[in-house]
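# Structural characterization, general
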Amino acid sequence: MTADRTDADIAAGWAPETQLVHGGTLRSQFGETSEAIFLTQGFVYTSAEQAEARFKGEDPGYQYSRFANPTVSMLEERLRIFEGAEACRATATGMAAVNAAIMSYLRAGDHIIAARAMFGSCRYIIETLCPRFGITPTLVDGRDLAEWRKAVRPNTKAFFFETPANPTLDLVDIAAVSKIAKEIGALVMVDNVFATPMLQRPLQHGADVVIYSATKHIDGQGRCLGGTVLCSDKFLVDHLQDYFRQTGPSLSPFNAWVMLKSLETMPIRIAAQCANAAVVADHLAGKPGVLRVVYCGRKDHPQAAIVDKQMTGGGQMIAFELDGGKDAAFRFQNALRLIKISNNLGDAKSLITHPPTTTHQRIGPVARAELGIGDGMLRLSVGLENAGDLIADVERGLAAARAG
Ligand SMILES: *Cc1c(COP(=O)(O)O)cnc(C)c1O
């Protein structure tokens, strides 16, 4: 191939911002500045011998875009360098990434322990899908180290958790839980979506596999679905690679290209969103009609010590509970003119959702109570708008909520 790949060793020494602009660039013979979109399913060989060699793995290069594609591999390499992982595979969605990581690794007879507070679809995979294949799950309160320890069995092979968790922003101490897992030889898989790759590096705290829904902050502008699994070379070779190639959760090259370009601005976007979220969270705290505000960047976060230990910023997600339950939460949302009602998150546009009636409707009132999701809880994903405009909108919501 005549393509010119940015040297991974040099990129590893760059600062994060530089890695996100240049890391993994694979320049074609035309020398384009902006990354090319290789919208192709297949690749042609110069001879029958070359085709044979490529299938034998003796000739480096591409075969078929379900296995690998140059634009997708640019995204994988950029994220891999940035996260400091040995390997990365990009998937069509975040859930495809979660599913591939869990299902490629676990086998019938294995046991998985997971923190109860997690994204609804992750809970489906662990609670409903795993048992169908003979994998036994145990759900624990992720904040309680004693529960993790107590749940361990001789056949425990994996720990899975999300921190901060959706929507409560509960945290799991990555280093402490990873230590428990290491003692029994289990792998730790972290869904790092809420923290974003900017603010938390699970691998540095002992995790083995890091999963993103790239749909969220990596795209960051609400356009394409995508996901990634970051892991060791060993995990890739022993588990993920074949599963990935044969079951086909591959990312579209077009979506990979959108995300590659998004990575260039991710540090600037996340910094601005964190700054906005801090202003909005501080504004909400202590306002009449607001029972509590949970934001990882506030000193009153119930697990502030863990924020200090493993996060480098408060993030852009806020959870808050209104006095007056569902009715107050609905009045708040319906009065908004700028912040949009949507269950998505991590967008440049501020989005709000009422978890009890949307994302966490299916789990029912008992499970919601167990997770601390009250009927008056709202989850706000803070975007890139002007903070003053956001506060004016929040004020409209609060006035309507109190008017009930
Ligand atoms: C959105 C999300 C997912 C799933 O990602 P998709 O891209 O929608 O498949 C998984 N985990 C968390 C924490 C999420 O926010």
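Nothing here was measured: the structure is a model prediction, and the numbers come from that model.

### As for the overall build of the chain
- Each helix and strand counted, the chain has 15 helices and 14 strands in total.
- In summary, the chain has a C-alpha radius of gyration of 22 Å against a globular reference of 22 Å for 404 residues, a match within 12%.
- Counting only C-alpha atoms, the chain reaches 75 × 50 × 35 Å along its principal axes.
- Accessible area of the chain: about 16600 Å², with a carbon and sulfur share of 54%.

### So, the nonpolar core
- Ranked by size, the top nonpolar core spans 50 residues in total, and within it L75, L284, I318, F320, L322 and F332 carry the most contacts.
- Considering each element in turn, this core owes the most residues, 12 residues, to helix α11 (residues 253-284).
- Beyond its immediate stretch of four places on either side in the chain, F320 contacts L284, R292, V293, F332, I352, G376, M377, L378 and L380.
- If you look at the next biggest cluster of nonpolar residues, it comprises 30 residues, including M103, Y105, A114 and C122.

### Side note on the site of the ligand
- Of all residues adjacent to the ligand, which total 13 residues, the nearest are G94, D191, S213, T215 and K216.
- A distance of 2.8 Å separates an oxygen atom of the ligand from a polar backbone atom of G94.
- A total of 380 Å² of accessible area belongs to the ligand in isolation, and the protein chains cover 91% of it.
- Residue classes in the shell around the ligand are distributed as five nonpolar, five polar and three charged.

### Considerations on the domain arrangement of the chain
- In terms of domain boundaries, the chain breaks down into domain 1 (2-263) and domain 2 (266-403).
- Counting residues at the interface gives 39 residues for domain 1, matched by 37 residues for domain 2.
- Summing both partners gives a buried area of about 3200 Å² for domain 1 against domain 2, and 62% of it is carried by carbon and sulfur.
- The interface formed by domain 1 and domain 2 includes two salt bridges.
- For the interface between domain 1 and domain 2, the tally reads 15 residue pairs in polar contact (both at pLDDT 80 or more).
- Class assignment for the residues of the side of domain 1 that touches domain 2 results in 20 nonpolar, 11 polar and eight charged.

### Things to note about the packing of helix α13 (residues 325-335) against helix α15 (residues 387-402)
- With their axes 7 Å apart at the nearest point, α13 and α15 run at an angle of 140° to one another. Here α13 is positioned oblique relative to α15, judged by the angle of their axes. Crossing geometry of α13 relative to α15 is assigned as right-handed. For the pair formed by α13 and α15, the contact residues are A328, R331, F332 and A335 on the first element and V394, R396, G397, L398, A400 and A401 on the second.
- Looking at the contact of α13 with α15, its residues break down into seven nonpolar, one polar and two charged.

### With respect to the sheet that holds strand β12 (residues 340-341)
- With mixed pairing, the five strands of this open sheet are ordered in space as β10-β11-β14-β13-β12. Edge strands, defined here as strands with exactly one partner in the open sheet, are β10 (290-294) and β12.
- The strands touched by α11 are β10, β11 (317-322) and β14 (377-381); relative to β11, the strand with the most contacts, the crossing angle is about 15°.
- Strand contacts of α13: β11, β12, β13 (351-353) and β14, with the helix running at about 125° to β11, the strand carrying the most contacts.

### Concerning the sheet that holds strand β5 (residues 136-140)
- One open sheet holds the seven strands; their spatial order is β3-β9-β8-β7-β6-β4-β5, and the pairing between them is mixed. A single partner strand is all that each edge strand has here, and the edge strands are β3 (87-91) and β5. Within this sheet the neighbouring strands show an average axis-to-axis angle of 20°, counted without direction.
- Relative to β5, strand β4 (residues 111-115) runs parallel, the two sharing five bridges.

What counts and how
The residue count restarts for each chain, going from 1 along the sequence in the order it is written. The predicted nature of this model means local features are confined to residues of pLDDT at least 70 and side-chain atom pairs, given and counted, to a pLDDT of 80 or more, with totals for whole chains, interfaces and linings taken over all residues. Here the side-chain values reflect all heavy atoms present in the structure, with hydrogen atoms and water set aside. Comment: elements are numbered from the N terminus, with helices defined as DSSP H or I runs of at least four residues and strands as E runs of at least two. Radius of gyration means the value over C-alpha atoms here, while the globule rule gives 2.2 Å times the residue count to the 0.38 power. Per-residue accessibility takes into account occlusion by the displayed protein chains alone, with areas from the Shrake-Rupley method and a 1.4 Å probe. Side-chain atoms within 4.5 Å are what join buried Ala, Val, Leu, Ile, Met, Phe, Trp, Tyr and Cys residues into a set we call a nonpolar core. Remark: exposure states derive from per-residue accessible area (1.4 Å probe, protein chains only) relative to the maximum for the residue type, with buried under 20%, exposed over 50%, and partly exposed in between. We call two residues in contact when some of their heavy atoms are within 4.5 Å. Summary of the distance rule: residues count as near a molecule or strand when at least one heavy atom falls within 4 Å of that molecule or strand. Side-chain atoms alone can form a polar contact between residues adjacent in sequence; in general such a contact is a pair of N or O atoms within 3.5 Å, and within protein one must be able to donate a hydrogen while the other accepts it. Amino acid classes used here: Ala, Val, Leu, Ile, Met, Phe, Trp, Tyr, Cys and Pro are nonpolar; Asp, Glu, Lys and Arg are charged; the rest, including Gly, are polar. Domain delimitation follows an automatic or database domain assignment. A 1.4 Å probe defines the accessible area here, and the buried area is the portion of it lost by two parts on being joined, summed over both. Salt bridges, as used here, are contacts in which a Lys or Arg side-chain nitrogen is within 4 Å of a carboxyl oxygen on Asp or Glu. Only C-alpha atoms enter the line fits that serve as axes; for helices the fit covers just the stretch in contact. Angles between N-to-C directions range over 0 to 180 degrees. Angle categories: roughly parallel below 35 degrees, roughly antiparallel above 145, roughly perpendicular from 65 to 115, and oblique for all the rest. Two helices cross in a left-handed way if the nearer one is turned anticlockwise from the farther one by less than a right angle. They cross in a right-handed way if the turn is clockwise. At least two bridges found by DSSP between two strands is the condition for calling them paired.

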